[in-house]
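Here are the chains, one letter per residue:
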Amino acid sequence: MTKKRILSGMRATGTLHLGNYFGAAKGMVALQDDPNYKTFYMVADLHALTTPFNVEELRKNRHNVIADYLAIGLDPEKSTLFFQSMVPEHVELAYYFSTVVSVARMQHLPTFKEKVKQYPENVTMALLNYPVLMAADILVYQAELVPVGIDQEPHLEIAREIARKFNSQYGLSLPEPKRFQTSGEYVPSLTGEGKMSKSMPGSFIALTDDLETIKKKLAKVPTDSGKGKIKTITDTKKPGYQAKKRYIDSTTNQESKGVLALMTLVELFEGKEKRVKYEKAYESSGVRYGELKTYLAEVIYNEIKPIQEKKREILTQPGYIDEVIESGAKKARQVAGETVRMVRQAMGIAQLGINS
Ligand code: AMP
């Protein structure tokens, strides 16, 4: 039986946080441990160039993400781990893919618009091309499933569109990749606004945070009187609607988005029943946020502490990470090379001697 291929990756832009952990990392580990799949997990260092970067930080960050991968349980014996830049076939395929994608389609993507707002001085072709490179990241391995958060869904749609176009124009049979859904596909920001994100200070709990830091971060989550009504969002077009409920404070009649963040974290770490218990209290006797936050900080820390210990241990083994990615990149290049050769042939450009 041929195994289905999986591709995922994290940008090398800093330490991983709980959004990355629940939205992607947990799915990556689950698929690695399923014998039906062959898993390719990169650190997206080229994607990190789409926003302002510093080379030394990038060097540290990409090394750090591999250490995080190993610490959360990715195993180089089971998963192919590598830096995206070590497999130049990604870039070549992205260039071929870009021939079938319109500029207008890219300009309308929500992530592009967000980044334009965030970095108005940095609206580059690399930024615009990000989803095309992501399509190549996935399809260069002919991957069928992609464990990523819901924010990546519009990019997966682009990958599917490209696969369809290439298949119909060139008689290929590239898969149309689907998102592998996890329970934490949308982890809200601690500030109550938007999603947990590396680029938003105060929005995230990092996998490297100690108990005191977690307590301090949770202490800052905005709350309300502790009592109110809960409404479920049914707008299925809204990103992360599955995770969304509206907590309406009975005193002010205002929505408490920080309470949503706390309740989501309770569910992710302690299960649905625990969240229901707190929600019942919210709609009756009231929630004491001080107690809830202390309890939550301990639960979070208990889960990430072993990851931190494992990461420290990994970082004490000199050369280990380099060995892992060297051997991962070699395996990845083999598969990626086959796909790119096949695409060049199908497009007819191999016959022109392009990269043959
Ligand atoms: P990034 O750090 O943007 O490269 O994201 C790496 C992975 O984490 C991607 O699969 C994202 O979809 C996922 N991710 C990032 N932030 C969140 C979040 N707040 N909730 C769920 N998944 C997330």
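Enquirer: I keep staring at the pattern of salt bridges and nothing clicks. Help me out?
Expert: Opposite charge on two side chains lets them pair, provided their charged atoms get close. Taken as a whole and assessed by the stated rule, the structure comprises 23 salt bridges. The partner of R164 in a salt bridge is E157, and the shortest N-O contact between them spans 3.5 Å. Look at E157 and you get partly exposed, because its relative accessible area is 28%. The salt bridge partner of E255 is R246, with a shortest N-O separation of 3.7 Å.

Enquirer: Can you help me understand the packing of helix α1 (residues 18-32) against helix α11 (residues 289-315) in this one?
Expert: To describe two helices that pack against each other, one gives the angle between their axes and the distance between the axes. At a closest axis distance of 13 Å, the pairing of α1 and α11 adopts a crossing angle of 65°. In this view, α1 runs roughly perpendicular relative to α11, as classed from their interaxial angle. The two elements α1 and α11 meet at a crossing, and its hand is left-handed. For the pair α1 and α11, contact is made by L18, Y21 and K26 and by I300, E303, I304 and I307, respectively. Residue classes in the contact of α1 with α11 are distributed as five nonpolar, no polar and two charged.

Enquirer: Help me out: how do you make sense of the domain arrangement of the protein in this one?
Expert: Note: interface size is frequently given as the accessible area lost on complex formation between the parts. What the domain assignment lists for the protein is domain 1 (4-184 + 318-347) and domain 2 (211-313). One C-alpha centre belongs to domain 1, the other to domain 2; they are set 31 Å apart. Across the boundary between the two partners, domain 1 contributes 15 residues, which contact twelve residues of domain 2. When domain 1 packs against domain 2, the two sides together hide about 1,100 Å² of surface, and 67% of this comes from carbon and sulfur. When the buried area of domain 1 at its contact with domain 2 is split by residue, L18, F22 and A71 rank highest and sum to 44% of it. At the junction of domain 1 and domain 2, the tally comes to two salt bridges. Ionic pairing is found between K26 and E303, a salt bridge with its closest N-O pair at 3.4 Å. Joining domain 1 to domain 2, the criterion identifies five residue pairs in polar contact (both at pLDDT 80 or more). Sorting the residues of the side of domain 1 that touches domain 2 by element identifies α1 and α2 (55-72) as the ones contributing at least two each. If you tally residues by element for the side of domain 1 that touches domain 2, the top one is α2, at six residues.

Enquirer: What is the right way to read the nonpolar core from this model?
Expert: Buried together is how nonpolar side chains tend to be arranged in soluble globular proteins. In this structure, L18, I66, Y69, L218, L265 and I300 are the most contacted members of the largest nonpolar core, which totals 66 residues. A total of eleven residues in this core trace back to one element, the largest contributor, which is α11. Formed by 46 residues, the second largest nonpolar core is a distinct cluster that contains L133, V146, V148 and F166.

Enquirer: Quick question: what am I supposed to make of the side chain of D249 here?
Expert: Assignment of secondary structure puts D249 in strand β7 (residues 245-249). Among buried Asp, Glu, Lys and Arg side chains, D249 stands out as unpaired, with K227 the closest opposite charge at 9.9 Å. Among the polar contacts listed, one links the side chain of D249 to the side chain of S225, at a separation of 2.5 Å. Leaving out residues up to four positions away in the same chain, D249 has contacts with D224, S225, K227, G228, Q254, S256 and Y282.

Enquirer: Is there a simple way to explain unusual backbone geometry in this structure?
Expert: The general pattern is negative phi for most residues beyond glycine and trans for most peptide bonds. Notably, Q142 is not glycine yet its phi reads approximately 50°, a positive angle. Inspection of the secondary structure assignment puts Q142 in the loop between α6 (125-139) and β4 (145-146). Note on Q142: relative accessible area 23%, which makes it partly exposed. Phi is positive for N253, close to 65°, though the residue is something other than glycine.

Enquirer: Hey, could you run me through the site of the ligand in this one?
Expert: Around the ligand sit 18 residues in total, of which R11, G149, D151, V187 and M196 are the nearest. Within the backbone of G19, an N or O atom sits 3.1 Å from a nitrogen atom of the ligand. Here an oxygen atom of the ligand sits 2.7 Å away from a polar atom, N or O, in the main chain of G149. Protein coverage of the free-state accessible area of the ligand, which is 480 Å², stands at 95%. Elements with a contribution of two residues or more to the shell around the ligand: β1 (4-11) and α1. For the shell around the ligand, the element with the most residues is α1, which contributes four residues. A breakdown of the residues in the shell around the ligand according to their chemical character gives six nonpolar, seven polar and five charged.

The rules behind each value
Residues numbered from 1 in each chain as written. Predicted model: local features only at pLDDT ≥ 70, side-chain atom pairs only at ≥ 80, totals over all residues. Heavy atoms only, no water. Salt bridge = Lys/Arg side-chain N within 4 Å of Asp/Glu carboxyl O. Buried < 20%, exposed > 50% of the residue type's maximum accessible area, 1.4 Å probe, protein only. Axes fitted to C-alpha atoms, helices over the stretch in contact; angles between N-to-C directions. Helix = DSSP H or I, 4+ residues; strand = E, 2+ residues; numbered from the N terminus. Parallel < 35°, antiparallel > 145°, perpendicular 65-115°, else oblique. Left-handed = near helix turned anticlockwise from the far one by under 90°. Contact = heavy atoms within 4.5 Å. Nonpolar A, V, L, I, M, F, W, Y, C, P; charged D, E, K, R; others polar. Domains from an automatic or database assignment. Buried area = accessible area lost by both parts, 1.4 Å probe. Polar contact = N/O pair within 3.5 Å; in protein donor to acceptor, adjacent residues only side chain to side chain. Core = buried A, V, L, I, M, F, W, Y, C linked by side-chain atoms within 4.5 Å. Lys, Arg positive; Asp, Glu negative; His and termini not counted. Near = heavy atom within 4 Å. Areas by Shrake-Rupley, 256 points an atom, 1.4 Å probe, with all protein chains shown as cover.

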